[in-house]
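This is what each chain is made of:
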Amino acid sequence: GPEGRGSCPSALFGNSLSCFFTPEKGFRCLWWFSLQCTVRHGFPYQPSALAFDPVQKILAIGTQTGALRLFGRPGVECYCQHDSGAAVIQLQFLINEGALVSALADDTLHLWNLRQKRPAILHSLKFNRERITFCHLPFQSKWLYVGTERGNIHIVNVESFTLSGYVIMWNKAIELSSKSHPGPVVHISDNPMDEGKLLIGFESGTVVLWDLKSKKADYRYTHDEAIHSVAWHHEGKQFICSHSDGTLTIWNVKSPTKPFQTITPHGKQLKDGKKPEPCKPILKVEYKTTRAGEPFIILSGGLSYDTVGRRPCLTVMHGKSTAVLEMDYSIVDFLTLCETPYPNDFQEPYAVVVLLEKDLVLIDLAQNGYPIFENPYPLTIHESPVTCCEYFADCPADLIPAFYSVGARQKRQGYSKKEWPISGGNWGLITQITLQVLYKLKTAKVFEKSRNKDDRPNTDIVDEDPYAIQIISWCPESRMLCIAGVSAHVIIYRFSKQEVTTEMLEVRLLYEINDVETPDGEQVPPVPTPGTGSNPQSIVPQSHPSTSSIKNSPLKQSPGYQIELVIQLVWVSGEPPQQITSLAVNSAYGLVVFGNCNGIAMVDYLQKTVLLNLGTIELYGSNDPYRREPRSPRKTRQPSGGMLTVASCMCGLSNLYSESVKKLRTSYISKTKNQLNSLNPCNLLFFLINTDLFSDVKDNSFSRSRSSSVTSIDKESREAISALHFCETFTRKADTSPSPCLWVGTTLGTVLVIVLNLPPGGEQRLLQPVIVSPSGTILRLKGAILRMAFLDTTGSLVPPAHEPWREHNVPEDKDEKEKAKKRRPVSVSPSSSQEISENQYAVICSEKQAKVISLPSQNCIYKQNITETSFVLRGDIVSLSNSICLACFCANGHIMTFSLPSLRPLLDVYYLPLTNMRIARTFCFTNNGQALYLVSPTEIQRLTYSQETCENLQEMLGELFTPVETPEAPNRGFFKGLFGGGAQSLDREELFGESASGKASRSLAQHIPGPGGIEGVKGAASGVVGELARARLALDERGQKLGELEEKTAAMLYSADSFSKHAHEMMLKYKDKKWYQF
């Protein structure tokens, strides 16, 4: 289900649900909801198998969890899942047929139909008595050879997915050449020049050339070392084997006694003619010929044992030159891409696809130095562990071009100049389901700390990295960005298209509250001049990794995000600062606010001053609903003014821009990096690292109440700030007009309102202080507060005020300055221009319930208990079909939506049981009925809860299969035709068909019809027609008579046409039925 299990990962979760709510305040809406997985982005997690269709130009990757990912041209991707979840051990395309065979570790074979937008399984075959180890499907053949652990080879008809009675038994294959069992089958291939000769490689080192017609071995080749792989020369006279001792042996087909040549690619040549020292196993070798030059021998593994710590390598041997290409991760598999699909022609290799444990690399073989292709797929989401995703839809139109322009300068040089060779498939009509990397930001560059360039971060979530980003707050309109890091630091960024070099001006604002009774947290010391601030080393022990000092050297800032301010919470009396649990930035007010389990701090980033630094208890003033006991003197080491010492660093216009990332193959999201990713021209994905405040109960940053009980003194004293929201609304019951304010939510379910008194705009904003004061307004909910939003009287969302973006690095002329003086913040609140008597609605969502409060009266007009037994992990107020709703994801796996303002349930679907913290940290909703989360450490799963999107999804998806003519077979030439040279064909039907070989044992394997669906039946029918047409052409080339065959073909075409009509009738019959009614 939720992880994509089942052949159709897009299956609807829950019924399509039609809901509506009654007219309220003169507006009404009709909503249709259903939940459906849409697409999956990112690198396939734990890859295990690789295949390529050289005609269709489609790449397939299988994984250890049974997933199947298909890639065509950039923007054409598909994800499928085997029901069993067993590891994919091998993939075989039916070349140019629009079909794929997968072999799984549970000894099943599956035939996938790729002629439909969502591939589905047509047939499955389950082996009961033998374990599958290797498969081989010759080009333009319908007979699949299946090797087993016992050393036997069975033959499967891929059209009917039934076993042939023809079996090659291991003892018959080796006869007396070996006294012991030869081991599992590790290789099967037919001689490129003679389809009747089958080369069988056994693990122990024995290779057998089997004559299919005479059912006996022609030659047996024995070697002392175990075999890992075998490859043919295209002329069929030689083959090459790779061995466990790091050697390659080249054999002449007709000389089985000893190898024609033995090569140790990485072995040190010893004197006196001794054998080179053994090396690590060569796991795979490929032997590819060229018309104009020397052949390529490409291999993985085989390094010397003394190369400790050396990275995994791919070795390319071409003539006398040997190139060793280091990889960042272990090599899972590789394939050489060749110009021809025919094995008996010059191969003309042009690229190598290397599937690594955590990356996909394409190497250009045609250019000197073997450069890599620039990867157009968004496969490096996991470049360092992802801990948070934020998803923004309906962004300003100029945002995507702005990020694209600055992101284009980050691109690495030295890529191959050729087009990306995996170019199959066609885009869908609507390209809303692609993912494109726009820009990358490294936030760690502000700190003085040397990091080893060879450190390759793990993709699992790790909290030890002192630079890990926990939370982001972003204003798309003003482009202001704010991040909170795991070391209790906050960095504020401005966006600029200009490159500047700035002296890093370090200003430390030391601000401590040592007395629990201090009531006035807002009293702010003046900003000291540079160099007069206290020495941070006296407060922060340098031995702690999270206390890296901020750079003070001149820094070149590239266009993009540039630092406005750095705020660091520092150690006091040996106690570390508590992690930040909430964060908000407002560009119209010039303020950033953040909180942790001790309290809240507000900073004016325009004047670089601390406006507020209060403990949570002090926020309540005399209205504290709890009887809290004062802390013991020992606790004064962590004063109640929870922010402890706030150290601010103004960094001028410094920028954290990634000039050259080693592997810019579309990287985004990392512990020290953040990116912006386009989903369509109006959508922006902003990925960053977030240890969500609702995440780990074991985390010592704060403890959370899972119930409404407030009796625990420990819980009260650890009341964390869990939600912050700037807005322009009514702060008190007696208010007659809205005013700027900050709404603060805590983990004990309290909402407090802080009034903001802002000076006029322009120069006065930099001269006069911002006055912050509590309003006395307190609202209560059950459970920790997660999200707050405001609606006007028509039910429309009232977004926070914002400043439009402008370039800060260009001096303003006089006219602009005059305009700036008069400029007011852009308040998009409709209420501010309406009559005083009109009110607003505050929507507050906690982990247990949601409330709609009427303002300014502060009466609760609607309340909904979301869950009693679980708790909400993520709640978002989003727009859908010109209306607003509340979307929630619960820890028990339910996704729910509620109407606003009436809070009526619209959708409740059991989607995903929470199995790990990664999903809890990354799940998020956005407008237009979309949501996403990190389904694995390397992949993003997108889903929709909009019925309209579900209905249009088929049009959005790309086509994997496109009609392409198969290239012509190589010309045999006059003399070869005359003297019997060239490729020898084989009538496999005559050998393997039921009439010749009989029926296979029923107990050996069980046929299981697949859930391919009506579309799959159509695809299979057309595939039969294509197979017949190809058979006719092949026979024509051999000069055989076609009269009888044409009659049979016509009859079968008529049969296929009739079958298609029946399929159409069946489709009409079941067209209006739901999936669960079949």
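Residues numbered from 1 in each chain as written. Predicted model: local features only at pLDDT ≥ 70, side-chain atom pairs only at ≥ 80, totals over all residues. Heavy atoms only, no water.

Engineer: Would you mind going over the overall build of the protein with me for this structure?
Structural biologist: Along the backbone of the protein there are 13 helices and 61 strands. In the protein, which comprises 1078 residues, the proportion classed as buried is 58%. Residue pairs at least 24 apart in sequence account for 63% of intrachain contacts in the protein once pairs closer than 6 positions are excluded. Entry remark: accessible area of the protein is about 44,300 Å², with carbon and sulfur atoms responsible for 51%. (Helix = DSSP H or I, 4+ residues; strand = E, 2+ residues; numbered from the N terminus. Buried < 20%, exposed > 50% of the residue type's maximum accessible area, 1.4 Å probe, protein only. Contact = heavy atoms within 4.5 Å. Areas by Shrake-Rupley, 256 points an atom, 1.4 Å probe, with all protein chains shown as cover.)

Engineer: Quick question: what am I supposed to make of the nonpolar core here?
Structural biologist: Side chains that are nonpolar tend, in soluble globular proteins, to be buried together. By size, the foremost hydrophobic cluster in this structure holds 26 residues, and its most contacted members are Phe403, Trp474, Ile491, Tyr493 and Tyr561. Those elements giving two or more residues to this core turn out to be α2 (399-408), β31 (436-442), β32 (469-475), β33 (480-485), β34 (489-496) and β37 (560-570). Counting residues in each nonpolar core, the second largest holds 24 residues, with Ala887, Ile919, Phe923 and Val935 among its members. (Core = buried A, V, L, I, M, F, W, Y, C linked by side-chain atoms within 4.5 Å.)

Engineer: I keep staring at the pairing of strand β15 (residues 185-191) and nothing clicks. Help me out?
Structural biologist: The side chains of a regular strand alternate between both faces of the sheet. The element β15 is largely enclosed, with a buried count of seven among its seven residues. As paired strands, β15 and strand β16 (residues 194-202) are joined by six bridges and run antiparallel to one another. Bridge assignment links Ser189 to a residue of β16, and that residue is Leu199. With antiparallel pairing between neighbouring strands as the criterion, β15 and β16 make up a hairpin whose turn holds two residues. (Pairing = 2+ DSSP bridges.)

Engineer: Please explain the side chain of Asp53 as it appears in this structure.
Structural biologist: Relative to the helices and strands, Asp53 is located in strand β3 (residues 47-53). Within the buried set, Asp53 has no salt-bridge partner at all; the shortest N-O distance to an opposite charge, 8.0 Å, is to Lys57. Side-chain polar atoms of Asp53 contact the backbone nitrogen of Gln56, separated by 3.0 Å. Within the structure, the side chain of Asp53 is placed 2.9 Å from the backbone nitrogen of Asn96, a separation counted as a polar contact. The contacts of Asp53, once residues within four sequence positions are left out, are Ile58, Phe93, Leu94, Ile95 and Asn96. (Lys, Arg positive; Asp, Glu negative; His and termini not counted. Salt bridge = Lys/Arg side-chain N within 4 Å of Asp/Glu carboxyl O. Polar contact = N/O pair within 3.5 Å; in protein donor to acceptor, adjacent residues only side chain to side chain.)

Engineer: Looking at this structure, I do not really get the sheet that holds strand β52 (residues 849-855). What am I missing?
Structural biologist: A sheet is described by the order of its strands in space; here four strands give the open sequence β50-β51-β52-β53, paired in antiparallel fashion. This sheet does not close on itself; its edge strands, each paired only once, are β50 (785-791) and β53 (859-865). Within the sheet, the average angular offset between the axes of one strand and its neighbour, ignoring direction, is 15 degrees. The pairing of strand β51 (residues 840-846) with β52 spans six bridges and is classified as antiparallel. When the sheet's bridge partners are listed, Gln840 is paired in β52 with Leu855. (Axes fitted to C-alpha atoms, helices over the stretch in contact; angles between N-to-C directions.)

Engineer: Can you walk me through the UniProt feature "repeat: WD" (unreviewed entry) in the protein in this structure?
Structural biologist: Those places that UniProt annotates as "repeat: WD" (unreviewed entry) correspond, in this numbering, to residues 220-255. Counting secondary structure, residues 220-255 comes out at 0% helix and 53% strand; the distance between its end C-alpha atoms is 9 Å. (UniProt positions renumbered as here; feature names shortened; annotations may be inferred.)

Engineer: What's the story with unusual backbone geometry in this structure? I'm lost.
Structural biologist: The step from Leu855 to Pro856 runs through a cis peptide bond, and the omega angle for that step is 10 degrees. Following the sequence through the fold, Pro856 ends up in the loop between β52 and β53. Here Leu900 and Pro901 are connected by a cis peptide whose omega angle stands at 5 degrees. Relative to the elements of secondary structure, Pro901 occurs in the loop between β56 (894-899) and β57 (905-910).

Engineer: Explain the pattern of salt bridges to me, please; I cannot follow it from the model alone.
Structural biologist: Side-chain pairing between opposite charges can occur once the charged atoms of the two side chains come close. Under the criterion given, the structure shown has 23 salt bridges. Across the pair Glu175 and Arg220 runs a salt bridge, and its minimum N-O distance is 3.4 Å. In this pair, Glu175 sits in the loop between α1 (170-174) and β15 while Arg220 sits in strand β18 (residues 216-221), placing the two residues 45 residues apart along the sequence. Salt bridges sharing partners connect three or more residues here, namely Glu390, Arg787, Arg874 and Asp876.

Engineer: Where do I start with the packing of aromatic side chains in this structure?
Structural biologist: Two aromatic rings are characterised by how far apart their centres lie and by the angle between their planes. With the rule as written, the count across this model stands at 27 aromatic pairs. When the centroid spacing of 6.0 Å and the interplanar angle of 90 degrees are considered together, the rings of Tyr145 and Phe992 count as edge-to-face. Residue Tyr145 is found in strand β12 (residues 143-148), and its partner Phe992 is found in helix α10 (residues 988-992); the two are separated by 847 residues along the sequence. Exposure class is identical for Tyr145 and Phe992. Each is buried. The ring of Phe334 is capped by Lys284, whose NZ or CZ atom sits 5.2 Å from the centre of that ring. The ring of Trp805 has Arg479 lying over it, and the distance from NZ or CZ to the ring centre is 4.1 Å. (Phe/Tyr/Trp six-rings, centres within 6.5 Å; stacked < 30°, edge-to-face > 60°. Lys NZ or Arg CZ within 6 Å of the ring centre and 35° of its normal.)

Engineer: Would you explain the environment of Arg311 in this entry?
Structural biologist: Checked against the element boundaries, Arg311 lands in the loop between β24 (296-301) and β25 (313-318). On the basis of relative accessible area, Arg311 is assigned to the buried category, the value being 11%. C-alpha separation for the pair Arg311 and Asp328, spaced 17 residues apart in sequence, amounts to 6.5 Å. Here the side chain of Arg311 touches Asp328 through a polar contact of 2.6 Å, side chain to side chain.

Engineer: It is not clear to me how the sheet that holds β15 should be interpreted in this structure. Could you clarify?
Structural biologist: Sheet strands associate in pairs through backbone hydrogen bonding, adopting either a parallel or an antiparallel arrangement. In spatial order, the strands read β15-β16-β17-β18; together these four strands make up an open sheet with antiparallel pairing. Taken across any chain shown, the strands that pair with only one partner, and hence form the sheet edges, are β15 and β18. Mean inter-strand twist for the sheet, computed between neighbouring axes without regard to direction, equals 20 degrees. Of the strand pairs in this sheet, strand β17 (residues 207-211) and β18 are connected by five bridges, and their pairing is antiparallel. The residue of β18 that forms the bridge with Asp211 is Lys216.

Engineer: Explain the environment of Ser739 to me, please; I cannot follow it from the model alone.
Structural biologist: Structurally, the position occupied by Ser739 is in strand β47 (residues 739-746). Beyond its immediate sequence surroundings of up to four residues, Ser739 is in contact with Cys727, Glu728, Thr729 and Thr731.

Engineer: How should I be thinking about α2 in this particular structure?
Structural biologist: Because an α-helix packs 3.6 residues into every turn, residues spaced three or four apart end up facing the same way. For α2, the full list of buried residues reads Leu399, Ile400, Ala402, Phe403, Val406 and Gly407. Down the axis of α2, the sector holding all buried residues measures 160 degrees, keeping them to one side. (Arc of directions from axis to C-beta.)

Engineer: Explain the confidence of the model for the protein here, please?
Structural biologist: Reading fine detail from the predicted coordinates is not recommended where pLDDT is low. Put simply, the protein has an average pLDDT of 76, and 71% of its residues get 70 or more. Contacts from residues 1074-1078, a stretch scored under 50 in pLDDT, to residues over four places away or in other chains number four contacts. (pLDDT = per-residue confidence, 0-100.)

Engineer: What is the right way to look at the side chain of Asp245 in this model?
Structural biologist: Residue placement: Asp245 occurs in the loop between β20 (238-243) and β21 (248-252). Of the polar contacts made by the side chain of Asp245, one reaches the side chain of Thr247; its length is 2.6 Å. The contacts of Asp245, once residues within four sequence positions are left out, are Glu225, Pro278, Cys279 and Lys280.

Engineer: Even after reading the chapter, I still don't get the environment of Leu767, so can you show me in this structure?
Structural biologist: Within the secondary structure layout, Leu767 lies in helix α5 (residues 763-767). When the C-alpha positions of Leu767 and Gln607 are compared, they lie 7.9 Å apart, and in sequence the two are 160 residues distant.

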